[in-house]
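The chain contents come next:
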Amino acid sequence: MDEIAERLAELERLGLSRRLRMISGPQGPTVLLDGKPVLLLCSNNYLGLADHPRVREAAAEAAMRWGVGAGASRLVSGSMTIHRRLEERLASFKGTESCLLFGSGYLANIGVIGALAGREDVIFSDELNHASIVDGCRLSRAQVVVYRHRDVEHLDWCLRRHGAAGRLIVTDSVFSMDGDIAPLAHIAELANIYGARVVVDEAHATGNVGPDGRGAVAAAGLEGEIDVVIGTLGKALGSYGAYACASDETIQYLINTARSVIFSTAPGPPAVAGALAALELLQERPHRVGRLRSNARALRGALADEGFPVAPGEMHIVPLIVGGERDAMRLCQQAIEQGVFAQAIRPPTVPAGTSRLRLTAMASHTPGELRRAAGILADAARRIGVDPHDMIAPEPEPLHELQEIETALVRAERVERAQWLQQVGQEDRNEVGAGRSGEPYGAAAEGPALFDFERDSSPAKAA
Ligand SMILES: Cc1ncc(COP(=O)(O)O)c(C=O)c1O
C-alpha cells in the first residue's frame, strides 16, 4: 500500500473518513439525496436566499453584463463597479467606514489575520474558533495563545502574561459548531485595557442575529468599535465570497498587505451581484430574520420534547452531541434512511469525543417540517441504541444581557484591582488567572501552551 492509501485506510479505521454526497436541486428545505427526498437540516442557506428568484436573476444579469470571471486580482486588472457597490452597501449595513471583498471567508480570515499580526506579535484565539482562523494564525507566524472557549477570565490572564507590543484577539461571534455567542462586550473591554486589536468573524451571525440581522457585533452595541469585522457571502447571503468591514485606513492597509486579496482573483460578478441582491432583500424584508428565529425556537422545542438535551432559544445552529465518531456517523446514516439529512461532524472540525449532528434551521422550513425532523431524529437515535436523554448537553447558553452587563462591571473592577496590584509589585494569585472553579490553571507555572499544530480544537490542548 502506498502512503496515501495507508492514510486513507487509517482514516477509515478511525471512523474519520469523509466522502462527498450527491444532492440534486437547490439548498431548499427538501433536497434529493442520492435520488431520495430528504429534509435538509444542515445547510447554511439560513435565510433561504441562495435560490431566491431575485438573487438568481441578479446573478444571471451580472453574468450577461460583466461576464462570469473577474479576470485577475482587482489590484491587477481593476475593480468593477459591482464590487464597489457591494462594499459600500456592506459597510453601511455593518456600521463601518469601509469594506473590502475577499474570495471566501477562508481567504478573508487568512488574509486579515496575516496582515494584522506577524512574527513579533501575539494572537489570542478562542479554542473553538473556525479552522480558517486557526490557519490564519498559523500562516501569520505570530505566537498564538489559545484561550478557553468564551472564557474572558482566561483571556484576561493570557493577555497579562503576554505583554508584546502587538496583540490581536480573534474570535467567531456565533460559533459555527455550537451556535453559542462570544462575549464580545467583555472582549472589547479587555482589548481596550490591554491595547489589543480585535477581529470578529460574523460568518454565522450576519443575516441571522442582532437588529435586522446586522450581526452579533451590532447586538452587543459595538458597531464601529471592532477593528475588523469579517463575514462570508456564502451563508445567509446565499452566494459565495466574503468581506472585511473596518475603518478607511484599515481597509487601505488590507489592500496593501492582505495576501489573499493581492494574490487571488477577485470574486466573480455573478456571485457579487447575487450577494448584493440578497443583502437588499434582507434590508427590505427583515421579517426573514424573525422567521429564522421562530423556526430555531420551534426546532429546539421539538427536539427537547423528544428528549434531546437542547436548551430553548433562538439560535439557528443546534448541536446534537453524540460523542464517538462512529456513533455520529451511524445516527447520520439512520436519519437519512428515515428522511432527514443532517451531516455528522467529527474531528478535526470538533474536539475528539464531541462528534455530533450539527442541525441548522432555515427561514424556509415550515414548523411542521422541523417537528417531523425532530421525531425522525429521536427515532433514528433509539434505533442505533442511543437514548436522546443520555446525549451530552452542550455548554450552557450565554448569560442574559443584563447579567452580562453586571458581570462586565464586576470584571472591570477586578481588572483595575489586578493592575493596581501589579503596579505595586504584587500578584493577586487568588483572582487573576483563576479558572471557573477558582483553581489556578494547570498551565500557570509555565504559561499558556502555544498553539498545537496538530489539533485545532481539543480543549485539553488549550492554554
Ligand atoms: C466561522 C466561519 N468563518 C469562516 C468560514 C469560511 O467561510 P467560507 O465558506 O466563505 O470560506 C466558515 C465556513 O464554514 C465559518 O464557519
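Cut-offs and rules
Throughout this document, residue positions are counted from 1 along each chain, in the order its sequence is written. Where local features are concerned, this predicted model is filtered to residues with pLDDT of at least 70; where side-chain atom pairs are given and counted, the filter is 80 or more; whole-chain, interface and lining totals use all residues. pLDDT is a per-residue confidence score from the predictor, ranging from 0 to 100. Contact definition: two residues whose C-beta atoms, as placed from backbone geometry, lie within 7 Å. Every helix listed is a DSSP run of H or I at least four residues long, and every strand listed is a run of E at least two residues long, numbered separately from the N terminus. Comment: burial labels come from other C-beta atoms within 10 Å of the residue's own C-beta, placed from the backbone, where a count of 20 or more is buried, 12 or fewer is exposed, and between is partly exposed. The term nonpolar core refers to a group of buried residues, namely Ala, Val, Leu, Ile, Met, Phe, Trp, Tyr and Cys, whose C-beta atoms join them within 7 Å. Start and end positions for the domains come from either an automated domain assignment or a database one. For helices, the fitted line uses only the C-alpha atoms of the stretch in contact; every axis is such a line through C-alpha atoms, and the angle between N-to-C directions lies from 0 to 180 degrees. Here is the rule for angles: anything less than 35 degrees is roughly parallel, anything more than 145 is roughly antiparallel, 65 through 115 is roughly perpendicular, and the remaining ranges are oblique. For any helix crossing, the convention is left-handed if the near helix is rotated counterclockwise from the far helix by under a right angle, and right-handed if that rotation is clockwise. Put simply, Ala, Val, Leu, Ile, Met, Phe, Trp, Tyr, Cys and Pro go in the nonpolar bin, Asp, Glu, Lys and Arg in the charged bin, and everything else, Gly too, in the polar bin.

### Some points on the confidence of the model for the protein
Caution applies to low-pLDDT parts of the model: their predicted coordinates are not meant to be read in detail. A residue-level look at the protein finds 85% of positions with pLDDT of 70 or above and a mean pLDDT of 88. Throughout residues 423–463 the model reports pLDDT below 50, and contacts reaching past four residues in sequence, or to other chains, amount to 59 contacts.

### A look at the environment of A50
Along the polypeptide, A50 turns up in the loop between β3 (36–40) and α2 (53–66). Look at A50 and you get buried, because 25 C-beta atoms sit within 10 Å. Taking the C-alpha atoms as reference, A50 lies 7.1 Å from L237; in sequence the two are 187 residues apart. If near-sequence neighbours (up to four positions away) are discounted, A50 is found in contact with P26, Q27, N45 and G238.

### Here's the deal with the nonpolar core
By size, the foremost hydrophobic cluster in this structure holds 140 residues, and its most contacted members are V112, Y243 and A244. Mapped onto the domain boundaries, this core takes at least three residues apiece from domain 1 (14–43 + 286–390) and domain 2 (53–282).

### What about the packing of helix α13 (residues 287–305) against helix α15 (residues 367–383)?
Taken N-terminus to C-terminus, the directions of α13 and α15 make an angle of 30°; their axes are 9 Å apart at the nearest point. Taken together, the axes of α13 and α15 are roughly parallel relative to one another. Taken as a pair, α13 and α15 cross one another with a handedness that is right-handed. Of α15, the residues touching α13 (which contributes N295, A298, L299, A302 and L303) are P367, L370, R371 and A374. Class assignment for the residues of the contact of α13 with α15 results in 7 nonpolar, 1 polar and 1 charged.

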